[in-house]
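The residues making up each chain are set out below.
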Amino acid sequence: MIVSSALMIWKGLIVITGSESPIVVVLSGSMEPAFHRGDLLFLTNFQEDPIRTGEIVVFKVEGRDIPIVHRVIKIHEKENGNIKFLTKGDNNEVDDRGLYKEGQNWLEKKDVVGRARGFLPYVGMVTIIMNDYPKFKYALLAVMGAYVLLKRES
């Protein structure tokens, strides 16, 4: 029941926000001081909204599984209306061209997972701890499982 409710809420958020991943966790310090490692970001991705310089976007690059949270620093608009843009982490020395797939110098709208609209500081640290320390994850699952089993017997 709980799992199906969570899945329905997640799918509802996907529809409402227009983003394939409406909530993401910041995994590195590349966006400090704006966002810190472990911050939980809320995203939207409405196709009709133009991407602007200074906006914080979450994007996926071909060949990488984990989305990247960085700021748009340059926009290149072609005569036909197509927009390409360049990103950079606030705490990074250089732009993200080194992160893009080989031969790619600009991102396109199709690469964007969402745009940051809000955040909760450090709430995502639980996710980071569970990924960095798998034994902690299994211990937490064991405690939750034991709680469910013992609670049912009462």
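Computed from a prediction, not measured in an experiment: that's the story for all the values here.

Caption draft 1: Summary view of the overall build of the protein chain. Across its full length, the protein chain holds 3 helices and 7 strands. Each helix (α) and strand (β) of the protein chain, taken in turn from the N terminus, gives the series α-β-β-β-β-β-β-β-α-α. Projected onto the principal axes, the alpha-carbon positions of the protein chain cover approximately 70 × 30 × 25 Å. Across the protein chain, the 20 positively charged side chains and the 19 negatively charged ones have centroids separated by 4 Å.

Caption draft 2: Molecular detail of the UniProt feature "domain: Peptidase S24/S26A/S26B/S26C" (unreviewed entry) in the protein chain. Under the feature "domain: Peptidase S24/S26A/S26B/S26C" (unreviewed entry), the UniProt entry names residues 15-101. Secondary structure across residues 15-101 comprises 3% helix and 32% strand; the distance between its end C-alpha atoms is 29 Å.

Caption draft 3: Local environment of the environment of S21. With respect to the helices and strands, S21 occurs in the loop between α1 (2-17) and β1 (23-25). On the accessibility criterion, S21 (17% relative accessible area) is buried. Separated by 78 residues in sequence, S21 and L99 place their C-alpha atoms 20 Å apart. Setting aside its immediate chain neighbours within four residues, S21 contacts W10, L43 and V113.

The rules behind the values
Residues numbered from 1 in each chain as written. Predicted model: local features only at pLDDT ≥ 70, side-chain atom pairs only at ≥ 80, totals over all residues. Heavy atoms only, no water. Helix = DSSP H or I, 4+ residues; strand = E, 2+ residues; numbered from the N terminus. Lys, Arg positive; Asp, Glu negative; His and termini not counted. Charge placed at Lys NZ, Arg CZ, Asp CG, Glu CD. UniProt positions renumbered as here; feature names shortened; annotations may be inferred. Buried < 20%, exposed > 50% of the residue type's maximum accessible area, 1.4 Å probe, protein only. Contact = heavy atoms within 4.5 Å.

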